[in-house]
Each structure stands twice: as structure tokens, then as C-alpha cells.
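# Structural description and commentary
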Amino acid sequence: MGIKAALPKYEIYFYNTVLCLAMFWAASWIFEVSSSNANRKTFKPTVKPGWYYFGRKMDTADFEWMMWFSTFREHILFALSGHVLFAKICSMLAPQHRSLVYMVYGLLAVWVSMGWTYVTLILSHCILLYSISLVKIRWLCFVTGLFTLATFKCEPFVSWQAGFVEGDFELRNVLFYGGCGFTIMRCMSFALENCERKDGNYNILELLKYNFYLPFFYFGPIMTFDKFYVQANKSDLTRKEREMWNISLQGLINLGVVIVVDVLFHFMYILTIPTDMKLLKHLSDWALVGLAYFNLVYDWVKAAVMFGVINTVSRLDHLDPPKPPKCITMLYVFAETHFDRGINDWLCKYVYDYLGGKHENVLEELVATLCTFGVTILWLGPCEVVLIWAFFNCFGLNFELWTAKLFSMEPFASFEMAMSEAMSRRIRAVFNTFNFWSIVLYNILALNSLDFAKLVTKRLLLRGFPITTIIVMFMTYCLIQVIKERERRQALIDDPDPLPPAPPPNATPSPTSAPAAAASAQPVADPSKEKAE
């Protein structure tokens, strides 16, 4: 079945209507639970007085969101504004040295925020991995990088290195682990790219420029060294048409999303409710399922906005940063599931694609996914929840390949060829429905807790069977069809169907070709409209 397989318009309208009603229905349940339990004793630590003119309390359970857009908003804006100002002055006066200015400003900002001993610690890791990269042995660089990363995940190395941070302030741990973790990943990217370089070695100054670029230093995203090196050292700083308009528009969209999320936090306590297991056991199936779905959507929104703010600044510096993650609402295959596109690109380039090749061989794919999730476990920090999450996602990724291999064989291939494209799309959407909820349930483990994931699974598949299960799966099926329709329209824009060739202008029509000539005289229909019908 091609991605351009179309369904009747009325069927798509029906799917959209059902999906919108389901979203509003689930949201109404969560709103009712939030309103009736706002003064609950277990909510007091995280549900606090919100905006005065709303007269409602606000969910403040997410430390990262509150840090970025409330508690330390002024500090972050001050640091990023200073970077933009100095970068703009340098771009006008000495554009060939702008990457050096980025490094100096970033180094000073890290020094001021974390102290000179922390800068020394970061520099020692950079020098270590740079020295190893000079040997140009790929596996040695990788093993050294993973071992260095492991020192930030286990005792007594963590406590010893944490002692290099001066002072005791609220963001101490966040900035420490963020700066160190991303530094190791960037140094590994530099080392691996240096191994691939045929003539000579990169200068250590290039590594320091790459690592101390302030917008990426503490919170990411990760841009692989090969891309950063080319973009940060290009001399042509002319912008494309309407590029500044697009950057400004993206900044305004991020601001609008922040305001909308903060408003919704006054009416839907989607982060606090999952922490109260006693309350969860008394919720309806619809509220519980909606809560699980909205938690994943919110986590995507948070990642998109936080990376969007950083990406806006880096685009002002003439860089092309990793795009925000793909929305969870648009995911129904494990191969596209990620919440950090920078880490995803890093893993794909240096592990998954390097070991998996074309991802057609079952054994190679298994080895590639095991190694990829092994690095991911080390990056996130080994613990029970992370191990369970990695196991299920690794299994899901391989199971997709096994299923694709199975259904490409006979007699399944013949069955699909015999049916229409529309029917093939409907049958595939049924299988994608179960895949979608597998993705949701597996990732709830990492975002919430194991107990919450177990409760949602029991309600959806056991206690709610068959009524809740069938209704939720049907609504998810509608969502999958809406996603496929969006992908179909995008495919028609990216790769439109070829128009039929025009007849030769001087050709003499014969009696047998008269009907064909009459047909060709008619205006050619728009292929996208024809497909949509």
C-alpha cells in the first residue's frame, strides 16, 4: 500500500468528528476531577495559588517547566539575551571570528554560574577525549566516552565530581548533570568525527568552540560536530528570504504555547493527579485513559517549547539546529518515537545506523537496537523504570521489523495486492492502533511511574474489557486515519503524481484516436484532488 492511498471525504470527516468529540470528552473528565480535588491534602505540595485573575490554583508539579518559565525565567532570558547581543555585534564586525566569541561568552557564563572548579572539570573531560581521538581508533573513543559518562551515573564518582561545583543553590544539580552529560556526548561526537577525518586532526579549539556554545551547553539539544563545524565556520551570513520573519514567528508561537499551557494548568492538574494512587483508583476509565494520553502530549509540548526557545536563538546565530520532536499524536510506529531529536540523531548516526545498515536484516537490527538502547540506558541513568522502558521499546522496534518481514511473504503479500488501496489502509490502521497504545503505555513508564502504567493497562485491557477497550481502540483508529490522511496530503505536496503526457501538436487524429483526443482536450484534474476523491 502506498502512502498516497486515499479514503472517501465523508469517511475522513467522520474520523475527525469522532476524534474531536473524544478529546473534549476526556478533557471534561480531567477538568471535573481537578476542580473537585483542588484542595486535596496530597495536592498541596504541587497545586499552588495561580494567576490572580483566574481565581484558581495551578499545577506546578513539573520542576523543569516552572524553572524555565517561572522561577528562573529572568536568569535564563538574561544569559540568552547577552549571547544574542554579543553574537550580533561580532557578526557585524568580525564574522570570521564569531564561533570564537560564542566560545568565550559561553565559557564566561558557565564560570559565573557554576564556578572555576566546574569549568576545570569540564575542560579535563574535553582534554581526555580529545587525546583519545588523536589515536583515531573508533571503538576506543566510544568505550572511553561511555566510561566517562558512567562516572556521572554511579558512586563514588558522582559525589566526587559534584564537589567541584561551588555554592549551594536550587539549580545546582540540574546544571551540573546537564552540562556534564551533554559535554560527554559532544566530546564523543567530536572524537568519532575526528576518527573519520582522513587528513590530519581537528584542533582542540574547535572542540571547545563546539562544547561551550552556551544555548546548547546545559540543556541541549545535541548537534553533531560535523554539522556544527560547517555551520559555525561558514563565512556567508546572508539569510534566505523571509528567514527573519520565520524566526520571529517561531518565537511568538513558543510564547503563545507557554501562555496556553500555563492557563491549562489552572484547569487540568494532569501532572499532580497521577502521583495520587488512591485518587486514581476511583477515577473513571475515560479520565484515566485521557490522563495517560495528555501526559504524553504535554511532555512533547514541553520538549518542543524548551528546544524551540533554544533553537530560535541558535537560528539567529545562522545555525540549523535539530528540529523539535515529532508530536506523540502523530506517532504510531516505534521507529519514529523520540522526545529529543538531537539525542535521536546522535544515536542513529553513531550507533543505530552504523550497526544496523539498511535495517533489513533481522539479526543486524537486533544488535543495533540492543546497543542503541544500551547507550540510552546509560544516558538516562540505569534504574528499574528505565530498564523496563528500554526493554519494551527495544522489543517494539524489533517486532515492527519482524511483522513487516512476515507480511511481505506469501500468502499475505498476495492478499494485500488483491484488495484495494483504501481497504489496505484501513487494515493497516487497525494494527497501528494497537501499536499506538503500546507506545503510550511504554512511555508512561518513563514519564510517570510503574504503578500508574500498570493501572492504566489494567483498566484499558482487563477491567474495562470489552466496552472501554473497544471504544478507546475505535477512537484511536480514527486518530490513526487522521494521521495517515495528513501524511498522504504531505506526500502529494512533496512528490506530486506525474501528469499524463500531452499529445504531439501536429499529430493527425485517426478515427480510433478520436475518443482519446477528446479526453485529452479536457482540462487535466489536479492529482491531489483526484486522490482525495
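The name given to the chain in an unreviewed UniProt entry is Hedgehog acyltransferase like, b, with Seriola lalandi dorsalis as the source organism. Of the comments in the UniProt record for the chain, the one headed Subcellular location (unreviewed entry) reads "Endoplasmic reticulum membrane". According to the UniProt record, the Sequence similarities (unreviewed entry) comment for the chain is "Belongs to the membrane-bound acyltransferase family. HHAT subfamily."

What follows concerns the overall build of the chain. The number of helices and strands found in the chain is 23 helices and two strands. Since a compact globule built from 533 residues should have a radius of gyration of about 24 Å, the 27 Å found for the chain is in line with a globular shape. Principal-axis analysis of the C-alpha atoms gives the chain an extent of 85 × 70 × 50 Å. Summarising the internal contacts of the chain: among those between residues at least 6 apart in sequence, 77% fall at separations of at least 24. Of the accessible surface of the chain, which amounts to about 27700 Å², a share of 67% is contributed by carbon and sulfur atoms. Looking at charge distribution, the chain has the averaged site of its 47 positive side-chain charges lying 4 Å from that of its 45 negative ones.

Another point: the packing of aromatic side chains. Counted under the stated rule, the structure contains 45 aromatic pairs. Residues Y202 and F225 carry aromatic rings whose centres are separated by 4.8 Å and whose planes lie at 80° to one another, so their mutual orientation is edge-to-face. Linking Y202 in the loop between α8 (172-196) and α9 (204-211) with F225 in helix α11 (residues 225-232), this pair joins segments that are 23 residues apart in sequence. On the basis of relative accessibility, which here comes to 0%, the residue F225 falls in the buried class. With a centroid separation of 5.5 Å and an interplanar angle of 25°, the aromatic rings of F395 and F399 are classed as stacked. Here F395 and its partner F399 are both found in helix α17 (residues 384-407), four residues apart, which amounts to about one turn of the helix. Overall, the relative accessible area of 43% leaves F399 in the partly exposed class. Taken together, Y102, Y130, F190, Y202, Y210, Y213, F216, F225, F228 and Y229 form an aromatic cluster joined through their ring pairs.

This part covers the domain arrangement of the chain. Structurally, the chain comprises domain 1 (9-61 + 244-494) and domain 2 (71-235). Each of domain 1 and domain 2 has a C-alpha centre, and these two points are 30 Å apart. Listed as interface residues are 27 residues of domain 1 and, on the opposing side, 34 residues of domain 2. The largest per-residue losses of area from domain 1 upon contact with domain 2 belong to W346, Y350 and W379, which jointly make up 27% of the total buried on that side.

This part is about a nonpolar patch on the surface. A surface patch of nonpolar side chains, about 900 Å² in accessible area, is lined by Y354, L355, V362, L363, L366, V367, L370, F395, F399 and W402. Broken down by secondary-structure element, the contributors of at least two residues to the nonpolar patch are α15 (341-356), α16 (362-380) and α17. With five residues, α16 is the largest single contributor of residues to the nonpolar patch. Position of L370 among the secondary structure elements: in helix α16.

Before going further, it helps to spend a moment on empty space enclosed by the protein. A complete count under the given rule lists two cavities of 30 Å³ or more for this structure. The calculated volume of the largest cavity comes to roughly 270 Å³. In terms of lining residues, the largest cavity is bounded by 16 residues, among which A22, M23, V289, W437 and M475 are the most central. At the level of elements, α1 (9-36), α14 (285-316), α19 (421-447) and α21 (467-494) are the ones that each hand at least two residues to the lining of the largest cavity. Among the residues forming the lining of the largest cavity, the class breakdown is 14 nonpolar, two polar and no charged. As a volume, the second largest cavity reaches approximately 30 Å³. Lining of the second largest cavity is provided by S99, E206, K209, F228, Y229, A232 and N233. For the lining of the second largest cavity, the secondary structure elements donating two or more residues are α9 and α11. With three residues, the single largest contributor to the lining of the second largest cavity is α11. Across the lining of the second largest cavity, the residue classes tally to three nonpolar, two polar and two charged.

Okay, unusual backbone geometry next. Backbone torsion omega between E410 and P411 reads 5°, so that peptide bond is classified as cis. Among the structural elements, P411 can be located in the loop between α17 and α18 (412-418). With a phi angle near 60°, K136 is a residue other than glycine that sits in the positive phi range. With respect to the element layout, K136 can be found in the loop between α5 (116-133) and α6 (138-150). Given a relative accessible area of 27%, K136 falls into the partly exposed group. In this structure, H318 is a non-glycine residue whose phi angle is positive, near 65°. A residue is classified by how much of its surface remains accessible, and H318, at 11% relative accessible area, is buried.

For the rest of this paragraph, the subject is the layout of surface pockets. In this structure, the largest pocket encloses a volume near 1700 Å³. Taken together, 44 residues make up the lining of the largest pocket; nearest its centre are F339, D340, I343, W379 and L380. Looking at the lining of the largest pocket, the elements that each hand over two or more residues are α2 (63-71), α8, α14, α15, α16, α17 and α19. Broken down by element, the residue count for the lining of the largest pocket peaks at six residues, all from α8. Looking at which domains feed residues into the lining of the largest pocket, each of domain 1 (9-61 + 244-494) and domain 2 (71-235) supplies at least three. Estimates place the volume of the second largest pocket at around 1200 Å³. Surrounding the second largest pocket, 34 residues form its lining, T403, A404, R428, F431 and N432 being those nearest its centre.

The rules behind these values
Residues numbered from 1 in each chain as written. Predicted model: local features only at pLDDT ≥ 70, side-chain atom pairs only at ≥ 80, totals over all residues. Heavy atoms only, no water. UniProt positions renumbered as here; feature names shortened; annotations may be inferred. Helix = DSSP H or I, 4+ residues; strand = E, 2+ residues; numbered from the N terminus. Rg over C-alpha atoms; globule rule 2.2 N^0.38 Å. Contact = heavy atoms within 4.5 Å. Areas by Shrake-Rupley, 256 points an atom, 1.4 Å probe, with all protein chains shown as cover. Lys, Arg positive; Asp, Glu negative; His and termini not counted. Charge placed at Lys NZ, Arg CZ, Asp CG, Glu CD. Phe/Tyr/Trp six-rings, centres within 6.5 Å; stacked < 30°, edge-to-face > 60°. Buried < 20%, exposed > 50% of the residue type's maximum accessible area, 1.4 Å probe, protein only. Domains from an automatic or database assignment. Buried area = accessible area lost by both parts, 1.4 Å probe. Patch = residues over 30% accessible without salt bridge, like charges linked within 9 Å, V, L, I, M, F, W, Y side chains within 5 Å. Salt bridge = Lys/Arg side-chain N within 4 Å of Asp/Glu carboxyl O. 1 Å grid on protein atoms, 1.4 Å probe; cavity = no way out; pocket = protein on both sides within 12 Å on 5 of 7 lines; lining within 4 Å. Points joined across faces, edges and corners; volume = space filled by probe spheres on them. Nonpolar A, V, L, I, M, F, W, Y, C, P; charged D, E, K, R; others polar.

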